[in-house]
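Observations on chain architecture
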Amino acid sequence: MNSFNLLGLLLASIIVVAVDADGDSSLVQLQSLSRDFLTFLGQQALSWNLTDPSYASQDLTCLNQLAQLDVDLRNSDLWAVNMYDSWGKAPSGLLFGNVFELGSFDQCRRVSYANYFGSIEGQHCTLIIDLRSLQLPVGSLWYGICVPAVCRPALVGALSNAFLGGRGSGLWNDLNSFCYGNEEKPFSALSIVAIVLFSCYGFVLIAATALEYLFTVRKSTVPSYVQRFSIYTNTVKIFHLTPPSKSKSEVMDCVNGIRALAMLGIIVHHVVGLTYLLPNVNFVLRMEYEKNYLWAAFHRLGGIAVDIFLLLSGMLLTMKVLRELDSSGKLNVIQLYLQRFLRITPAFAAAILFAMAFIDHLGEGFLYKNIAAQHSGACSQSWWSALFYVQNYVHYDSLCLPHTWYLAVDMQLYILSPLILIPLWKYGKRFIPVISMLALLSISCVFATFLYNDFRLNIAFSRNEMEKKTYHPTHARMSVWLFGVMFGYLLHKTKSSTIRLPKPILTLGWSLALGILILVAYTVRQVYVGDFNAIPVVVDAFYESLHRSLIALSVAWIIFVSINGQGGIVNRFLSSALWQPLARLSYSMYLLHMLILTPISMNIKVPLYFSAIDVVFGCFGLTGLSALVSIVWSAAFEYPFFGLEKKLIKSK
């Protein structure tokens, strides 16, 4: 038996199908077809052409080592048995969604055998095999094999396709991203530069903290530039608790709770969404959870949290700008832009640099190399458009840190804000119809795009194009921000007086806010997991174009009644001082939570069993870990740059 026969023998155990007398498919192991399979591979071996320029000189060594594996396996040598033992075997529960038989990832890579002719090391490769020709209700099978490390992934793929092609099947994946040897991962030039930069900046932070301590011990005044970079001072600022205000003020304590809960909603949304992408052995059960009413709402409503941030951004920016215009009669646009840029860019740039330099070194597993290559490749291409906040238009198909598309939307609206806020200050309520028209145009754009393209929220393969046209573009998302602008104008005009609404109006407002939440929560399941053939496309269009604005209006109502002393238990809950640290960490948590979640989730070596309780634990775990890392990140890359724009402009 030669090396092709060996590889064929091991591959033969993975495909399971038989046809009974009636032509119906039933599952049996293909072990009985091994002889025919070996004959086929023997014929392929005789005609295999290694003189083709696409083959490397090491391929002959690979074939010889496979042949030695064949001989030693027949002699029951421990190293060969160990390598074969690490292979995947025909999976159980294939019709229940278990299309993953990955073998033993670590066992394979620990195989090591040496003789007079050299050494043989293990290399784990994951084959994604097309099963459609077998008329099974599954499209592919993920199968792990263990081959000598000297074998190039291209040759392993060619050997696999040589067998599978003769049976109407083949590989779906490029093995260059799915083969792991025991190779070391050297640091790239970028990684070394990043280590130097982070180390130097870390030294500055530690030195500033030590200097602050020395000044404090000597009871001397600590210079502002020392305090600015002191880890101790910035950490104290994060955890400083301010008692809730007992009178109406511009502090708006309830916003802290809303911001913190919105960040938790984003974490829930991403944890659940990524769980759906992981290899589950009980795919059928996972699909049942996905179609569950409460589960769908639990997942999808978390995604609306981004729009709450847009509402708060428009509201707070409007109040700030109108306050400045009232006091000075003019707006320092350069300072406005510089403040925003310095507020969000240092932490964002550091996250991008960290991802580009170290994502290859954060884990390993049968999925990790492929996912890491996608992330590092995207950032290598689009880091500059991310830092210029235009990647949602320029590099949509290769977003660097894809979840940060929101920063581009928010910054673009921030840059355009003087064109709206200055006329709003100058013309007052007479300019509100113009803003309302812009919001209506944004909503109409999403609605018309859905109808024109027949977009359906429940069709996964059309979601990428749908998000490109209606989810990430600023013109499609600005309606919520514009509602925030109008709401901010209302709060600015009523800041000096407390508005007490009569009970009928108060009851009506709470009823509408609660009704909107219930309506959106009910509709989200129908449009995402229901039978899209049972409802017309106009339902999806209405939902996608309106639900974010409706939720934003409900949140605006909660803020309005809370700051006017009529929020009751809702206001007391949202205004709790305990929300303040989490609210201050929300930006760093937003940046980092996916940098934490993705490597951890993709650092898997066996398929997982999906369960709701594991998802809940994942949400709490990511929240806690993101908060801990964000304390350092915020103290290092956020707080040192707060207010720096005033000093820069003053010095000019």
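Everything in this summary refers to the structure shown in the same document. No experiment lies behind these values; they were computed from the predicted model shown.

1. A closer look at helix α9 (residues 231-239)
Buried residues of α9: T233, N234 and I238, and no others. Summarising the axial view, the buried residues of α9 lie within an arc of 140°, below the 170-degree limit, and thus occupy one face.

2. Overview of the pairing of strand β5 (residues 118-130)
Across the 13 residues that make up β5, a large majority, 10, are buried. Where strand β4 (residues 112-115) lies against β5, four bridges are found, and the strand directions are antiparallel. Counted as the bridge partner of A114 is S119 from β5. Of the pairings in the sheet, the one linking β5 to strand β6 (residues 140-148) comprises nine bridges and is antiparallel in character. Paired with H124 across the two strands is C146, which belongs to β6. Where β5 and strand β7 (residues 179-180) come together, two bridges link them in antiparallel fashion. Among the inter-strand pairings, H124 is bridged to a residue of β7, identified as Y180.

3. Side note on the pattern of salt bridges
By the definition in use, this model includes 11 salt bridges. The salt bridge involving D106 is made with R109; its shortest N-O contact spans 3.8 Å. Taken together, the residues D106 and R109, both in helix α5 (residues 105-109) and three residues apart, mark about one turn of the helix. Here K605 ties to D106 by a salt bridge, and the two come within 3.1 Å at their closest N and O atoms. Placement of K605 in the loop between α25 (586-602) and α26 (612-637) and of D106 in helix α5 is noted, with a sequence separation of 499 residues between them. Given a relative accessible area of 24%, K605 falls into the partly exposed group. Accessibility expressed as a relative area gives 33% for D106, which makes it partly exposed. When salt bridges with common partners are traced through the structure, they connect D106, R109, E364 and K605 into a single cluster.

4. A short note on the packing of helix α3 (residues 58-74) against helix α4 (residues 78-85)
Axis separation between α3 and α4 bottoms out at 8 Å; the angle between their running directions is 105°. When the axis of α3 is compared with that of α4, the two are roughly perpendicular. Residues Q68, L69, D72 and L73 of α3 pack against W79, A80, V81, M83 and Y84 of α4.

5. With respect to the state of the cysteines
In total, this model carries four disulfides according to the counting rule given. Each disulfide pairs two cysteine sulfurs, and for C125 the partner residue is C179, the sulfurs being separated by 2.0 Å. Across the disulfide from C125 to C179, rotation about the S-S bond amounts to roughly 115°, and the bridge is consequently right-handed. Here C125 is found in strand β5, whereas its partner C179 is found in strand β7, with 54 residues between them in sequence. By relative accessible area, which is 0% here, C125 ends up buried. The disulfide pattern of the chain is 1-5, 2-4, 3-6, 7-8 when the bonded cysteines are numbered in sequence order.

6. Overview of unusual backbone geometry
Phi is positive for S76, close to 60°, though the residue is something other than glycine. Positionally, S76 belongs in the loop between α3 and α4. If you check the backbone angles, Y389 has positive phi at about 60° while not being a glycine. As for its position among the elements, Y389 is in the loop between α15 (368-387) and α16 (391-394).

7. Let's talk about helix α6 (residues 153-165)
A rise of 1.5 Å per residue sets the reference length of α6, with its 13 residues, at 18 Å; its end C-alpha atoms lie 17 Å apart and thus fit the reference within 8%. For α6, the full list of buried residues reads P153, L155, V156, G157, L159, S160, A162, F163 and L164.

8. Remarks on the nonpolar core
W142, M315, F348 and I559 are the most contacted members of the largest nonpolar core, which has 177 residues in total. Sorting elements by how many residues they give to this core places helix α13 (residues 305-328) first, with 13 residues. Setting aside chain neighbours within four positions, we find W142 in contact with V99, F100, E101, L102, T126, L127, I128, F178, F366 and L367.

9. Considering the side chain of N571
Inspection of the secondary structure puts N571 in helix α23 (residues 568-574). Sequence-distant contacts of N571, that is, excluding residues within four places in its chain, are made with C254 and S562.

10. Some points on the packing of helix α12 (residues 293-303) against helix α21 (residues 503-529)
Remark: α12 packs on α21, axes separated minimally by 9 Å, with the N-to-C direction vectors making an angle of 95°. With respect to each other, α12 and α21 are oriented roughly perpendicular. Packed against α12, whose contacting residues are Y293, A296, A297, R300 and L301, the element α21 presents V520, A521, Y522, V524, R525, Y528 and V529 at the interface. Within the contact of α12 with α21, the residues separate by chemical class into 10 nonpolar, no polar and two charged.

Criteria and thresholds
Residues numbered from 1 in each chain as written. Predicted model: local features only at pLDDT ≥ 70, side-chain atom pairs only at ≥ 80, totals over all residues. Heavy atoms only, no water. Buried < 20%, exposed > 50% of the residue type's maximum accessible area, 1.4 Å probe, protein only. Helix = DSSP H or I, 4+ residues; strand = E, 2+ residues; numbered from the N terminus. Arc of directions from axis to C-beta. Pairing = 2+ DSSP bridges. Salt bridge = Lys/Arg side-chain N within 4 Å of Asp/Glu carboxyl O. Axes fitted to C-alpha atoms, helices over the stretch in contact; angles between N-to-C directions. Parallel < 35°, antiparallel > 145°, perpendicular 65-115°, else oblique. Contact = heavy atoms within 4.5 Å. Disulfide = S-S within 2.5 Å. Expected span 1.5 Å × (residues − 1). Core = buried A, V, L, I, M, F, W, Y, C linked by side-chain atoms within 4.5 Å. Nonpolar A, V, L, I, M, F, W, Y, C, P; charged D, E, K, R; others polar.

Everything listed here is a matter of geometry and, on its own, says nothing about what the molecule does.
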